[in-house]
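Single-letter residue listing:
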There are 2 protein chains.
Amino acid sequence: MADTMQDRVRCKELHKLFTTPENCIQYFKDGMNLGWSGFTPVGYPKVVPIALADYVEKNNLQGKMKFNLFIGASVGAETEDRWASLNMIDRRWPYQTGKELGKAINSGKIRMGDKHLSMFAQDLKYGFYTKDQGGRLDLAIIEASAITEDGNIILSGSIGASNDIIDIADKIIIEINTGLPSFEGMHDIFMTDVPPYRKIIPITDARQRIGTPWVPTDKSKIVAIVESKLPDNGRALRGTDDVAQAIADNIVDFFSAEVKAGRLPKNLLPLQSGVGSIANAVVGGLTTSPFENLIVFTEVLQDTFLDFMDSGKCKYINCTSLSLSNEGFEIWWKNFDKYKDMVLMRPQQVSNNPEIIRRLGAIGMNTPLEFDIYAHANSTHAGGTKMLNGIGGSGDFERNSYISMMHCPSVRPSKTDEFGISGVVPKAPHVDHTEHDIDVLVTEQGLADLRGLCPVDRARCIIDKCAHPTYKDYLTDWLDRAIKKTGGHHEPVLLEEAYKLHLELEQNGTMRFWNK
Amino acid sequence: MADTMQDRVRCKELHKLFTTPENCIQYFKDGMNLGWSGFTPVGYPKVVPIALADYVEKNNLQGKMKFNLFIGASVGAETEDRWASLNMIDRRWPYQTGKELGKAINSGKIRMGDKHLSMFAQDLKYGFYTKDQGGRLDLAIIEASAITEDGNIILSGSIGASNDIIDIADKIIIEINTGLPSFEGMHDIFMTDVPPYRKIIPITDARQRIGTPWVPTDKSKIVAIVESKLPDNGRALRGTDDVAQAIADNIVDFFSAEVKAGRLPKNLLPLQSGVGSIANAVVGGLTTSPFENLIVFTEVLQDTFLDFMDSGKCKYINCTSLSLSNEGFEIWWKNFDKYKDMVLMRPQQVSNNPEIIRRLGAIGMNTPLEFDIYAHANSTHAGGTKMLNGIGGSGDFERNSYISMMHCPSVRPSKTDEFGISGVVPKAPHVDHTEHDIDVLVTEQGLADLRGLCPVDRARCIIDKCAHPTYKDYLTDWLDRAIKKTGGHHEPVLLEEAYKLHLELEQNGTMRFWNK
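Residues numbered from 1 in each chain as written. Chains lettered and ligands numbered in written order. Predicted model: local features only at pLDDT ≥ 70, side-chain atom pairs only at ≥ 80, totals over all residues. Heavy atoms only, no water.

- Looking at an unreviewed UniProt entry, one finds chain A named Acetyl-CoA hydrolase and attributed to Desulfuromonas thiophila.
- Under the UniProt heading Sequence similarities (unreviewed entry), the note attached to chain A is "Belongs to the acetyl-CoA hydrolase/transferase family."
- Word for word, the UniProt comment on chain A under Subcellular location (unreviewed entry) is "Cytoplasm". (UniProt positions renumbered as here; feature names shortened; annotations may be inferred.)

As structure tokens, this is what we get:
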């Protein structure tokens, strides 16, 4: 028998706040700063945002009820993407994956801010994003599994920035999701302070609990509690492919060599892995590798990590969100008794914190759109201008990891050319990660270990190891001409031809202009 | 009476290692990895590097004795710059200011690596820069004030990476500088470990001692001890000017407004300040400001900080180096009894550590060469290609500070045009600091508070507040055309005209092409 609202809300005096989603509409005013729970898209509020969207649609209020949305990361398309299509969003921080949202962001209709995830929650708490309104949020909408006897909130499938949002919001609406089992016990909530009162984050082992299983909550701020039975609109399962597999093989070989050289212990170091097919393949590769007792210290737990735990190779996972597909969640709940002792969720201020990433010596692995011959990487802007999703946590990890690795295919198809888009370019048209941060670059062609190399040596190594054969001559020629033109400057660049490949793609549909 | 070598080297059994600089030449072999003490240029070895340079010169060994040099930051021109002119350097990490060194780096003769200073020392210790030689340094040359009874090294006017260099070097040559008073007691040496054994860095207050006043030293590695009486070739005193003063005024006004808004405490938060005339002016501005009990948490203590302490406004300074001029050092030693209780030197792994910078909530203030309308900043490469000095610690602080600020003049003269070089450009030709990191940009024209702004709003704000009047129309027109061309993408850019200003400067001597 499923739990009832009475079971889940253990603080009896809050039962008087039970209401309907429609009844919550009264709390929303045009121009408000809203905080939502949720992260990649799990644990976000559903019935209230949907009810408000219905209300706006029915009453033709498009453009007349607009909000600034602050959410840990992306949430389900049925909520914020629908809001975007109803012109209900003015500002949106710091990461998103919505189709309609993307369109509005890239046509100047929604103002997006793109921030490191560890810093987003921190700066939100510092009041930096809402400084003209006293640094507060007007209203939080939080999906929860339960509420404790004292009125503290027990979150659901993600933490993200929810703890900080609850802290700085003037009013809180809670959606208790009784359609899902309770996630109670999976969270470790550590609250940070504002300087000069910030404390040490005392994690020296990924398995260490340092906080509470609930979010400390001022229950007098709660104005409504509604029931939800809607599931998360989880990420679709992403398969792997030959290219991803080859990248994974290169990485596993590299790990073996590093262990042999004594630069990594036999069980490696805590692994961070981004999202997508390459991350899946890497984790898959580790599942069948000789490495044992592996620890994961990452943002999101994806489907492939379930196999990784099942294989016995992975001992423990830290994350801030269970970013599972619907099929993944089925497996999760079936084996919950096993997984619950192997997984801990932390706030994104902690899961992505430089302090912890450096101390634990994480291995950061993320997929950029492209990188250049000097190891500057573009993770966010197609063609240097069009926002994809946001930098997410990639900067937190790439800057601070023991080994900072980025991986992508050496080449992708454009509409008219199977090799139309090179992953290795002369100069990145947008820089999210600089040459000062990246240690290792990987494509299916090979792995470039850049540690200890000066820019020109780095460029030769990247072209040699990572570029697709069809682009090698162009890249080498570009580099040679840049060296000649500058007389051997530290980092030779042809400013006048910096973006020739990108302009060719834009104008002629392929970067391979010599192939016309 | 000055101290003798016998006084300073308190470990008697090491007295047998006393020798001459010339006798140390035997320890140097072509191709070696060397670590030196020293930082911006204080506390570096002098008599041994000079003796080796003399030897190379006398015996025509130019190009036949080449070394890889790993030093915390820059050191005196009479040592490494002379080495550069004698073709004695192959690789040089991670920051330098030498004229001959710069020439060699920008003509492909010396291979330089440019790394965040907090990370340089860490990665050096991890063995990443010398991984093909087992991750060790062959030889360290360390300037010291003294050696303890147990053989532990007491450094001189800087720490930098010396503690880590001493740790990983196979052999150590020590120069005891008896020409200067001893710096004993000024250092707080905290040694970090290699993951998974790294510890918490337990600083919650800048005044807190967490280490030892000496560097833990395996004395069996010491092969020679020589006497030096040479002074540091200190930074020349840099004055301030009207532009720097106007920038400082803008910053002090901003601090006042932040205190009023409740986002900064009355004594602000620990201040980090880069080097140069703007930094001088900012500190000068604070000296006459209403703020009291100020704390400095920075890399280098410059002359201007002496006045700051004298004024009673500054309560305490953390740094990794006393980067004083010769005149500054005179004042320092005259008032040493006062200053010694107000200043603490830490290793650059600690002084620049993200963990501490975030925890204390430092205010980072650094001078880039230029920044663009979206708040990407270029700190290192003139014209995008020619290395100046290196990123230094600017990335450590700009990424992690409570408020990340960068400041530079809105315009500088080129050879032929007093307004030939704009500090605000459409697109930075080299990105050291990304839009994800910068909160506030300042020129003498004004201050742009970018917190909470999307890219296009940021661009309007930067052009409005920071650009020089002569460049405003061009920048606005560029932005408008970029918005039009992309249909309002998230971060509109004209790739084909990204570097028009820089190319005009290169080809015609001024960025103001419309003024021809």
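And the narrative resumes.
## A word on the relation of the copies chain A and chain B
Here's step 1: Once chain A has been moved 0.0 Å along the axis and rotated by 180 degrees, it coincides with chain B to within an RMSD of 0.0 Å. Here the symmetry operator amounts to a two-fold rotation axis. For chain A, the residue whose C-alpha comes nearest the rotation axis is A:E355, separated from it by 2.2 Å. (Least-squares fit on C-alpha atoms with pLDDT ≥ 70 in both.)

## A short note on the packing of aromatic side chains
Residues and elements named next belong to chain A.
Here's step 1: The full count for this structure, using the stated rule, is 45 aromatic pairs over all chains.
Here's step 2: Judged by centre distance (6.3 Å) and plane angle (50 degrees), the rings of F70 and W93 are tilted. Placement of F70 in strand β2 (residues 67-71) and of W93 in strand β3 (residues 89-93) is noted, with a sequence separation of 23 residues between them. The residues F70 and W93 share a single accessibility class, namely buried. (Phe/Tyr/Trp six-rings, centres within 6.5 Å; stacked < 30°, edge-to-face > 60°. Helix = DSSP H or I, 4+ residues; strand = E, 2+ residues; numbered from the N terminus. Buried < 20%, exposed > 50% of the residue type's maximum accessible area, 1.4 Å probe, protein only.)

## Focus: the UniProt feature "domain: Acetyl-CoA hydrolase/transferase N-terminal" (unreviewed entry) in chain A
Here's step 1: Within this numbering scheme, the UniProt entry marks residues 12-227 of chain A as carrying the feature "domain: Acetyl-CoA hydrolase/transferase N-terminal" (unreviewed entry).
Here's step 2: Between the end C-alpha atoms of residues 12-227 of chain A there is a gap of 16 Å, over a span that is 20% helix and 21% strand.

## Re the domain arrangement of chain A
Residues and elements named next belong to chain A.
Here's step 1: According to the domain assignment, chain A contains domain 1 (5-228) and domain 2 (242-515).
Here's step 2: Facing the 49 residues of domain 1 at the interface are 45 residues of domain 2.
Here's step 3: Taking both partners together, domain 1 and domain 2 bury about 3,600 Å²; carbon and sulfur atoms supply 59% of that area.
Here's step 4: In terms of surface lost to domain 2, no three residues of domain 1 exceed M186, A206 and R207, which account for 19% of the buried area on that side.
Here's step 5: At the boundary of domain 1 and domain 2, one finds one salt bridge.
Here's step 6: Close ionic contact of R346 with D188 constitutes a salt bridge, the shortest N to O distance being 3.0 Å.
Here's step 7: Linking domain 1 to domain 2 there are 28 residue pairs in polar contact (both at pLDDT 80 or more).
Here's step 8: Those elements giving two or more residues to the side of domain 1 that touches domain 2 turn out to be α5 (117-125) and α6 (162-168).
Here's step 9: Of all the elements, α5 adds the most residues to the side of domain 1 that touches domain 2, at six residues. (Domains from an automatic or database assignment. Contact = heavy atoms within 4.5 Å. Buried area = accessible area lost by both parts, 1.4 Å probe. Salt bridge = Lys/Arg side-chain N within 4 Å of Asp/Glu carboxyl O. Polar contact = N/O pair within 3.5 Å; in protein donor to acceptor, adjacent residues only side chain to side chain.)

## Quick notes on the sheet that holds strand β16 (residues 370-372) of chain B
All names here are of chain B.
Here's step 1: Spatial ordering of the open sheet is given by β17-β16-β23, a layout of three strands whose pairing is mixed. Both outer strands of the open sheet, β17 (377-378) and β23 (424-425), are each paired with one neighbouring strand and no more.
Here's step 2: Summarising the sheet, β16 and β23 pair through two bridges and their orientation is parallel. Bridging across to β23, D372 finds its partner in V425. (Pairing = 2+ DSSP bridges.)

## Some details on the interface of chain A and chain B
Here's step 1: Listed per partner, the contact involves 82 residues of chain A and 82 residues of chain B.
Here's step 2: Of all residues in chain A, A:R358, A:R399 and A:H436 bury the most surface against chain B, accounting for 12% of the area lost on that side.
Here's step 3: Taken together, the connections running from chain A to chain B amount to ten salt bridges.
Here's step 4: No other element matches helix α13 (residues 354-360) of chain A, which puts five residues into the side of chain A that touches chain B.
Here's step 5: Its residues assigned to classes, the side of chain A that touches chain B comprises 30 nonpolar, 25 polar and 27 charged. (Nonpolar A, V, L, I, M, F, W, Y, C, P; charged D, E, K, R; others polar.)

## Comments concerning the environment of A:R136
Residues and elements named next belong to chain A.
Here's step 1: On the secondary structure map, R136 appears in the loop between α5 and β5 (137-147).
Here's step 2: As a C-alpha pair, R136 and Y55 span 81 residues in sequence and 26 Å in three-dimensional space.
Here's step 3: Not counting residues within four places of it along the chain, the set of residues in contact with R136 comprises N33, T130, D167, I168, A169, D170 and K221.

## Focus on the pairing of strand β1 (residues 33-36) of chain A
Residues and elements named next belong to chain A.
Here's step 1: Here β1 shows no split at all, with N33 and G35 on one side and L34 and W36 on the other all buried.
Here's step 2: Pairing between β1 and β2: four bridges, direction parallel. Residue G35 lies in a different strand from β2, and its bridge partner there is F70.
Here's step 3: The β-α-β motif built from β1, the intervening helix α2 (residues 47-58) and the parallel element β2 has right-handed crossover chirality.
Here's step 4: Here β1 runs beside β5; their pairing, made up of three bridges, is parallel. Its bridge partner lying in β5, W36 is registered against I141. (Right-handed = clockwise from strand over helix to strand, strands pointing away.)

## Overview of the packing of helix α8 (residues 277-287) of chain B against helix α9 (residues 303-310) of chain B
All names here are of chain B.
Here's step 1: Where α8 meets α9, the closest approach of the two axes is 9 Å, and the angle between their N-to-C directions is 5 degrees. The orientation of α8 relative to α9 falls into the category roughly parallel. Two secondary-structure elements touch here, α8 through N280, V283, G284, L286 and T287 and α9 through T304, F305, D307 and F308. (Axes fitted to C-alpha atoms, helices over the stretch in contact; angles between N-to-C directions. Parallel < 35°, antiparallel > 145°, perpendicular 65-115°, else oblique.)

## Some points on the nonpolar core
Generally speaking, soluble globular proteins have nonpolar side chains that are buried together.
Here's step 1: By size, the foremost hydrophobic cluster in this structure holds 83 residues, and its most contacted members are A:F255 and A:W332.
Here's step 2: The element that contributes the greatest number of residues to this core is helix α7 (residues 242-260) of chain A, accounting for eight residues.
Here's step 3: Built from parts of two domains, this core gets at least three residues from each of domain 1 (5-228) and domain 2 (242-515) of chain A.
Here's step 4: Contact partners of A:F255, with chain neighbours within four places excluded, come to A:L264, A:L268, A:L271, A:L286, A:F291, A:I363, A:M365 and A:M405.
Here's step 5: In terms of nonpolar packing, the next biggest core, distinct from the first, is built from 82 residues, B:Y129, B:V283, B:L322 and B:W332 among them. (Core = buried A, V, L, I, M, F, W, Y, C linked by side-chain atoms within 4.5 Å.)

## Comments concerning the pairing of strand β15 (residues 363-366) of chain B
Residue and element names in this part refer to chain B.
Here's step 1: Side chains of β15 alternate between two faces, with I363 and M365 and G364 and N366 buried alike.
Here's step 2: Here three bridges tie strand β9 (residues 271-273) to β15, and the two strands are oriented parallel to one another. Its bridge partner being in β15, S273 is matched across the sheet by M365.
Here's step 3: As paired strands, β15 and strand β20 (residues 403-407) are joined by four bridges and run parallel to one another. Across the sheet, residue N366 finds its bridge partner in β20, namely M406.

## As for the pattern of salt bridges
Here's step 1: Here the structure, examined in full by the defined rule, presents 78 salt bridges over all chains.
Here's step 2: In this structure, B:E506 engages A:K485 in a salt bridge whose closest nitrogen and oxygen atoms are separated by 2.7 Å. Remark: A:K485 occurs in helix α16 (residues 469-486) and B:E506 occurs in helix α17 (residues 500-508); the pair is interchain, linking two chains.
Here's step 3: Salt bridges linked by common partners bring A:K131, B:E258, B:R263, B:D449 and B:R451 together as one network.

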